[in-house]
Amino acid sequence: MSGIDRAAIPQAEAGGILTVDLGALAANWRDLAGRVAPAECAAVVKGDAYGTGLETSAQALWDAGARTLFVALLSEGKRLRAVLPAATIYVLNGLFAGTEETYRDSRLRPVLGSLPEIALWTAFCARIGNRLPAALHVDTGMNRLGLAPSEAVGLAETREEIGFELALLMSHLACADEPGHPLTVRQLEDFRAIAALFPGVPASLANSAGCLSGPDFHFDLVRPGIALYGGRSRADMAPLRPVVTLELRVSQVRDVHAGETIGYGAAATASEPMRIAILAAGYADGIPRLAGSSDTRGGAEAIIAGRRCPLIGRISMDLMALDITALPEDAVKAGDLATLLGRQIGVDELARHGETIGYEILTSLGRRYHRRIG
Ligand SMILES: *Cc1c(COP(=O)(O)O)cnc(C)c1O
């Protein structure tokens with residue numbers, strides 16, 4: 001598969017090993033599908049399937065039973081069509097003028113989010129004499145993509161004039177990760193009212209957090225992303241199974257005298273004699289620079305020789321240091337691996353230290369790792 005070919009960096013040459021557990025991904029999809037039934041559980045695979053590899057992850061999701069997939073861009077849709085000839089594929093970012101034929105040729109469905117986009121698709125369908133399917137996105141409070149509710153009402157009144165097959169009506173939640181947020185309550189009410197104007201058209205509102213917020217949010221189809229990939233979708237709930245493991249190689253082990261500093265900016269000082277392991281990955285590999293430490297601020301941790309150890313000093317482009325002073329003297333040697341992400345340290349923990357979110361950790365995962373996908 002191309003997802004593996006593209007990443008053919010031999011393990012012995014790589015600064016880190018990224019393992020994607022497709023079994024865990026499939027199990028997470030089945031888990032969510034069970035929770036939302038009888039609604040259909042789709043899968044969002046934009047952003048290279050949240051950094052896990054579009055083709056391989058989409059295939060695993062299809063094999064698990066996912067029949068509808070969402071990508072952000074037409075280029076992703078074309079790649080997906082090449083591996084999943086029978087899937088229903090929606091492209092979220094909307095219809096760019098001049099791409100209509102590509103949608104038709106790859107049997108992709110645009111998510112139409114403005115009146116001009118609707119006009120483009122309608123005109124194209126009229127020109128080819130075929131009412132091709134598309135989704136309609138209605139904005140209920142995100143102010144990103146989607147028709148204004150008043151525009152949707154207008155469209156519902158003239159529904160017989162819609163010149164394409166209206167296959168899905170959707171909206172997107174802005175704050176579903178914070179249960180009980182007033183905007184979520186309002187979005188749900190508004191979407192329910194709009195969906196009632198389009199009887200017979202399947203409706204979809206829920207992202208991952210919405211999937212876990214009860215049947216009111218499920219409608220006919222749900223669109224989980226982050227939860228499938230092991231990220232936390234609601235602040236008050238544990239994530240599903242971890243999908244990604246990231247192990248970084250020790251380049252060398254060194255002793256630091258008390259009073260010396262470590263790394264750029266001399267930001268971290270050894271208050272006592274210290275032993276550190278230099279790991280062969282850095283911010284160029286998607287590790288957030290803010291996850292490093294300084295004398296006034298702690299950083300992220302990694303597991304080595306069975307124990308959690310803290311990062312020390314700033315994260316460089318290609319390297320970072322791990323404080324292994326607490327380990328026995330010969331516990332770590334060059335070539336060993338430190339686990340930055342895995343069963344015990346999830347993407348959300350690293351994200352918290354990096355002042356970001358699990359989504360950004362996953363979609364930033366570097367291109368220089370040896371990838372094991374299976
Ligand atoms: C990204 C996205 C999703 C998936 O969101 P998660 O929070 O990752 O579950 C669903 N719907 C739309 C419109 C999106 O852009």
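Look up a bit, the structure's there.
Residues numbered from 1 in each chain as written. Predicted model: local features only at pLDDT ≥ 70, side-chain atom pairs only at ≥ 80, totals over all residues. Heavy atoms only, no water.

## Overview of the packing of helix H4 (residues 54-64) against helix H5 (residues 74-83)
- With their axes 10 Å apart at the nearest point, H4 and H5 run at an angle of 55° to one another. By the criterion of interaxial angle, the relationship of H4 to H5 is oblique. For the pair H4 and H5, the sense of crossing is right-handed. Every residue of H5 that contacts H4 at Leu54, Glu55, Ala58 and Gln59 is listed here: Glu76, Arg79, Leu80 and Val83. (Axes fitted to C-alpha atoms, helices over the stretch in contact; angles between N-to-C directions. Helix = DSSP H or I, 4+ residues; strand = E, 2+ residues; numbered from the N terminus. Parallel < 35°, antiparallel > 145°, perpendicular 65-115°, else oblique. Left-handed = near helix turned anticlockwise from the far one by under 90°. Contact = heavy atoms within 4.5 Å.)

## Some remarks on helix H2 (residues 22-36)
- Helix length check: H2, at 15 residues, gives a terminal C-alpha distance of 21 Å against a target of 21 Å (1.5 Å per residue), a fit within 8%.
- Those residues of H2 not exposed but buried are Leu22, Ala24, Leu25, Ala26, Ala27, Asn28, Trp29, Leu32, Ala33 and Val36. (Expected span 1.5 Å × (residues − 1). Buried < 20%, exposed > 50% of the residue type's maximum accessible area, 1.4 Å probe, protein only.)

## Re the pairing of strand S1 (residues 16-20)
- Along S1, five of the five residues are buried, which leaves the element largely enclosed by surrounding structure.
- Side-chain alternation along S1 places Gly16, Leu18 and Val20 on one buried face and Ile17 and Thr19 on a second face that is also buried.
- Relative to strand S11 (residues 244-256), S1 runs antiparallel, the two being bridged by five bridges. Note that in S11 the partner of isoleucine 17 across the bridge is glutamate 247.
- Here four bridges tie S1 to strand S19 (residues 370-373), and the two strands are oriented parallel to one another. Bridging across to S19, leucine 18 finds its partner in arginine 371. (Pairing = 2+ DSSP bridges.)

## So, the pattern of salt bridges
- Under the defined criterion, the tally for this structure stands at 16 salt bridges.
- A salt bridge links arginine 241 to aspartate 31, with the nearest nitrogen and oxygen atoms 3.6 Å apart. Taken together, the residues arginine 241 in the loop between strand S10 (221-222) and S11 and aspartate 31 in helix H2 connect sequence positions 210 residues apart.
- Look at arginine 241 and you get partly exposed, because its relative accessible area is 36%.
- Judged by relative accessible area, aspartate 31 falls into the partly exposed class, the value being 23%. (Salt bridge = Lys/Arg side-chain N within 4 Å of Asp/Glu carboxyl O.)

## As for the site of the ligand
- Of all residues adjacent to the ligand, which total 14 residues, the nearest are Lys46, Tyr50, Ser208, Ile226 and Tyr359.
- Histidine 172 is positioned such that a nitrogen or oxygen atom in its side chain is 3.4 Å from a nitrogen atom of the ligand.
- Between the ligand and the protein, one listed contact pairs an oxygen atom with a backbone N or O atom of isoleucine 226 at 2.8 Å.
- Taken by itself the ligand offers 390 Å² of open surface, and the protein chains cover 94% of this.
- More than half of the atoms belonging to the ligand lie within 2 Å of the grid points that define the largest pocket.
- In terms of residue class, the shell around the ligand is made up of seven nonpolar, four polar and three charged. (Near = heavy atom within 4 Å. Polar contact = N/O pair within 3.5 Å; in protein donor to acceptor, adjacent residues only side chain to side chain. Areas by Shrake-Rupley, 256 points an atom, 1.4 Å probe, with all protein chains shown as cover. 1 Å grid on protein atoms, 1.4 Å probe; cavity = no way out; pocket = protein on both sides within 12 Å on 5 of 7 lines; lining within 4 Å. Sits in = over half its atoms within 2 Å of the grid points. Nonpolar A, V, L, I, M, F, W, Y, C, P; charged D, E, K, R; others polar.)

## Focus on the sheet that holds strand S3 (residues 43-44)
- Pairing is parallel in the open sheet, where seven strands are placed in the order S3-S4-S5-S6-S7-S8-S9. In the strand order of this sheet, the two ends are held by S3 and strand S9 (203-204), each with one partner.
- Judged from the five bridges that link them, strand S7 (residues 133-137) and strand S8 (residues 165-170) form a sheet pairing that is parallel. Bridged to proline 133 within S8 is glutamate 165.

## Thoughts on the side chain of arginine 223
- Tracing the backbone shows arginine 223 in the loop between S10 and S11.
- For the buried residue arginine 223, which engages in no salt bridge, the nearest side chain bearing the opposite charge is aspartate 139, 10 Å off.
- Only 2.8 Å separates the side chain of arginine 223 from the backbone oxygen of serine 171, close enough to count as a polar contact.
- Polar side-chain contacts of arginine 223 include one of 2.9 Å to the side chain of serine 204.
- Leave out the neighbours within four places in its chain, and arginine 223 touches Val44, Phe70, Met170, Ser171, His172, Ser204, Leu205, Ala206, Asn207 and Ser208. (Lys, Arg positive; Asp, Glu negative; His and termini not counted.)

## Here's the deal with unusual backbone geometry
- Cis peptide bonds are those with omega within 30 degrees of zero, and the linkage from alanine 37 to proline 38 qualifies with 10°.
- Assignment of secondary structure puts proline 38 in the loop between H2 and strand S2 (40-41).
- With phi around 50°, tyrosine 50 is a residue other than glycine that occupies positive phi space.
- Here glutamate 355, not a glycine, exhibits a phi torsion of approximately 55°, which is positive.
- Examined against the element boundaries, glutamate 355 turns out to sit in the loop between helix H11 (347-353) and helix H12 (358-363).

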